[in-house]
Amino acid sequence: VFDRKPLIAGNWKMNMDHVQGITLLQKLAWTLADAEHDFDRVEVAVFPPFTDLRGVQTLTMGDNLPVHYGAQDLSAHDSGAYTGEISGQFLSRLGCSYVLVGHSERRAIHGETNELLAAKIAAAYRHGVTPVLCVGEGLDIRQAGTHVEYTLEQLRGSLAGVTAEQAETLVVAYEPVWAIGTGEVAGPKDAQELCAAIRVELAKLFGDEVAGKVRVLYGGSVKANNVAQILAEKDVDGVLVGGASLDAGEFANIVRFEH
Ligand code: PEP
């Protein structure tokens, strides 16, 4: 029995052009339809590249497919002279339910700060798109033993300005950087420790009732063969999957973790 509806999310990163993306989603849809997957029980979301979103919208609408989708990033601004940026308004009009904010690759490669991420989260809420805020420590921090404080600092900094009402729909993904794309999975107890610490911090920020509604996901080398034990932990409400979400069969098996 889950306290919150589990969310299985696939981050395609910079993989799958708009043709490949549609093929992948179609395969996933067929596999889950064959298995009679109950989308009301376990929610499924994909995060394709921007250029795939229109096709994903068309496919999900046309096939009445209850897979939710979102973008991997958004601008802190709504419109104007911001060459190369994508507005939350555009995402909303394309039917995006979610948007990733502060993925570790954006923090590391693009130097995104907590302050910028707070502005991006505000932009997402302005347009009715639910942010999936990613937090998590690198290997050096883990080895120094300061991972809990470090992760909570990212959380507080990125959520500056968010109201309790907004936070009710928030999703947080705890992704230890040392476990992303490395085949190294944080143990279920490590995942639980941080997801629980995140929930306690959310309770301090927004109250117990809101903290009880926020879904906290784990991400980092999740596969079909390790997902069930991670999701067995009390405060882990879902998973954010990178590499394994590019294979329709493997991702479908992750979605079907209960079987
Ligand atoms: C990610 O980048 O969000 C991720 C969890 O990647 P992977 O599953 O490939 O480790």
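Reading the values: rules and limits
- Residues numbered from 1 in each chain as written.
- Predicted model: local features only at pLDDT ≥ 70, side-chain atom pairs only at ≥ 80, totals over all residues.
- Helix = DSSP H or I, 4+ residues; strand = E, 2+ residues; numbered from the N terminus.
- Rg over C-alpha atoms; globule rule 2.2 N^0.38 Å.
- Buried ≥ 20, exposed ≤ 12 C-beta atoms within 10 Å, placed from the backbone.
- Contact = placed C-beta atoms within 7 Å.
- pLDDT = per-residue confidence, 0-100.
- Near = placed C-beta within 6 Å.
- Nonpolar A, V, L, I, M, F, W, Y, C, P; charged D, E, K, R; others polar.
- Pairing = 2+ DSSP bridges.
- Axes fitted to C-alpha atoms, helices over the stretch in contact; angles between N-to-C directions.
- Parallel < 35°, antiparallel > 145°, perpendicular 65-115°, else oblique.
- Left-handed = near helix turned anticlockwise from the far one by under 90°.
- UniProt positions renumbered as here; feature names shortened; annotations may be inferred.

Draft legend 1. Main features of the overall build of the protein chain. Counting its regular elements, the protein chain contains twelve helices and eight strands. Against the globule reference of 18 Å for 259 residues, the protein chain gives a C-alpha radius of gyration of 17 Å, in line with a compact fold. For the protein chain, buried positions account for 42% of its 259 residues. In the protein chain, the share of contacts with a sequence separation of at least 24, taken over all contacts with a separation of at least 6, comes to 73%.

Draft legend 2. Structural view of the confidence of the model for the protein chain. When the pLDDT values of the protein chain are averaged, the result is 96; 100% of them are 70 or greater. On the interface metric, ipTM, the complex scores 0.95, and its pTM is 0.97.

Draft legend 3. The arrangement of the site of the ligand in detail. Within the structure, the ligand sits among 13 residues, and Ile180, Gly181, Gly219, Gly242 and Gly243 are positioned closest to it. Of the residues belonging to the shell around the ligand, the class tally is five nonpolar, seven polar and one charged.

Draft legend 4. Summary view of the sheet that holds strand S5 (residues 130–135). Taken together, eight strands build a closed barrel; the order of strands is S1-S2-S3-S4-S5-S6-S7-S8 and the barrel is parallel. Geometrically, the sheet is characterised by an average inter-axis angle of 25 degrees between neighbouring strands, direction not taken into account. Bridge count for strand S1 (residues 7–11) against strand S8 (residues 238–241) is four bridges, and the pairing is parallel. Across the sheet, residue glycine 10 finds its bridge partner in S8, namely valine 241. Taken strand by strand, helix H5 (residues 114–126) contacts strand S4 (98–101) and S5, and its axis lies near 175 degrees from that of S4.

Draft legend 5. Quick look at the packing of helix H1 (residues 18–34) against helix H12 (residues 248–255). Packing of H1 against H12 brings their axes to within 9 Å, and their N-to-C directions diverge by 45 degrees. In terms of orientation, H1 and H12 fall into the oblique class. As for the relative orientation of H1 and H12, their crossing is right-handed in sense. Of the residues in H12, those touching H1 at Leu24, Lys27, Leu28, Thr31 and Leu32 are Ala248, Gly249, Phe251, Ala252 and Val255. Among the residues forming the contact of H1 with H12, the class breakdown is seven nonpolar, two polar and one charged.

Draft legend 6. Structural context of the UniProt feature "binding site: substrate" (unreviewed entry) in the protein chain. As annotated by UniProt and renumbered to match this structure, "binding site: substrate" (unreviewed entry) occupies Asn11, Trp12, Lys13, Gly181, Ser221, Gly242 and Gly243. Spatially, the listed residues are clustered: although they cover 233 residues, their C-alpha atoms lie within 14.0 Å of one another. Along the chain, asparagine 11 falls in strand S1. Residue class for asparagine 11 comes out buried when judged on the 26 C-beta atoms lying within 10 Å of it. Once residues lying within four places of it in the same chain are set aside, the contact partners of asparagine 11 are Phe47, Gln72, Leu100, Leu240, Val241, Gly242 and Ser245. Take glycine 181: there are 13 C-beta atoms within 10 Å of it, and that puts it in the partly exposed class. With near-sequence residues (within four places) excluded, glycine 181 lies in contact with Gly242 and Gly243.

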